Amino acid sequence: MRRAGLTIALFAAVAIVATPAVAQRTPRDGRDRAPASSEADSPDPVKRTWDFAKRFGIAHFDPRDCASDPERLAAELDAYNARVDRFLAGPSDPKKLGLERRSYVKQVLGTTRDIATLRETFAATGLRSPDSDVPPVDRDICRAEAQRHQLQAIAAGLRAMARVYPDMAEIGPPLAEAEAVLAQMGDTGALRRQVLANRAAALAEVRMKPPLARNPAWEQGLRDGFARLVPGETILRLHLYSADWYVHRNEFTGVPEYRQVGAWVATRREDGSCWITGIDLWQSFTGGSFDAGEYRLGQAPRPILCENLPR
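Residues numbered from 1 in each chain as written. Predicted model: local features only at pLDDT ≥ 70, side-chain atom pairs only at ≥ 80, totals over all residues. Heavy atoms only, no water.

Asker: Let's hear about the nonpolar core: which residues, and what values?
Answerer: Core analysis: the largest hydrophobic core is formed by 34 residues, its most contacted members being Phe56, Leu151, Leu158, Met161 and Met168. At the level of secondary structure, the elements contributing two or more residues to this core comprise α1 (45-55), α2 (69-88), α3 (94-124), α4 (137-164), α5 (172-185) and α6 (188-204). Residue contributions to this core peak at 9 residues, all from α4. Leave out the neighbours within four places in its chain, and Leu158 touches Ile58, Val108, Thr111, Ile115, Ile171, Pro174 and Leu175. One finds Phe226, Ile235, Val261 and Ala263 within the second-largest nonpolar core, a separate group that totals 12 residues. (Core = buried A, V, L, I, M, F, W, Y, C linked by side-chain atoms within 4.5 Å. Buried < 20%, exposed > 50% of the residue type's maximum accessible area, 1.4 Å probe, protein only. Helix = DSSP H or I, 4+ residues; strand = E, 2+ residues; numbered from the N terminus. Contact = heavy atoms within 4.5 Å.)

Asker: Could you give an account of the packing of aromatic side chains, with specific residues and numbers?
Answerer: Using the criterion set out here, one finds 10 aromatic pairs in the structure. Taken together, a centroid distance of 4.0 Å and an interplanar angle of 5° make the contact between Phe52 and Phe87 stacked. Taken together, the residues Phe52 in helix α1 and Phe87 in helix α2 connect sequence positions 35 residues apart. No difference in accessibility class separates Phe52 from Phe87, as the two residues are buried. Among the aromatic residues, ring-to-ring pairing joins Phe52, Phe56, Tyr80, Phe87, Tyr104 and Tyr165 into one connected group. Across from the ring centre of Trp245, 3.9 Å away, lies the NZ or CZ of Arg259, which sits over that ring. Over the ring of Trp282 we find Arg296; its NZ or CZ atom is 4.7 Å from the centre of that ring. (Phe/Tyr/Trp six-rings, centres within 6.5 Å; stacked < 30°, edge-to-face > 60°. Lys NZ or Arg CZ within 6 Å of the ring centre and 35° of its normal.)

Asker: Got a sec to walk through the environment of Val84? Specific residues and values, please.
Answerer: Mapped onto the elements of the fold, Val84 is located in helix α2. In this structure, the C-alpha to C-alpha distance between Val84 and Phe56, residues 28 residues apart in sequence, is 8.1 Å. Sequence-distant contacts of Val84, that is, excluding residues within four places in its chain, are made with Phe52, Phe56, Ala160, Arg163 and Val164.

This is the structure in structure tokens:
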């Protein structure tokens, strides 16, 4: 078992996992594990309790794909809960359950940190600094859904733990917190509105940085170069982010290899949206001088509210 972000222990039978109370008895690859629905159930209370304890723990979910995650989560929670149902329906060994209790309490208390992390990450999904790249909205929504799926698994694990240990008082606070956060997240529509509101708030903070210098020749060349590279956008503003040439030299000889200047370009697209993109002029050193060079798009396009562009 290894830890990466939230604690995740993988079983071949199911991807939703239970952190084993006796980790050293959990096979690394799980290939000898049958699915929960087909596992043999020993009639001996001691053996069946030991077998259950090797597999039981707080459930965690490993998000993989937005399209398949909801169905996969439901199936894996069904398998997880079926194992608990089967155990509780038969005889158990109180002594073994008592020995494992301390380990399970640690797992329960550990969910407090995980729940707080998921709550904070979800609340901030879609928010970013004004200079950050902006991914497609579906990627942000997928990220928010992943937080909810992980929290749903933890809540299910806490509920299962309360069924196995009805008198474990430590379960109450994190379970109440998990359920409260899930209620705040709401359904898919509420989740999407939250993400869109965060993205809108982040977009409202984006501004075009002032020019670091003025050089009409550079500005005209960069403007013309951008128009050739992106003919479908109307240039509104161009601000140099180079006050002088950046010259890259060979680290051993000190001989120049190329030089570069660039600018931010604010444009309006055909759909009326405004964007800021970077463009650079790269000139290679040819022995005695620099060549005419070529224009290349630099910084990835970032949206900006048209009304927030400098006048």
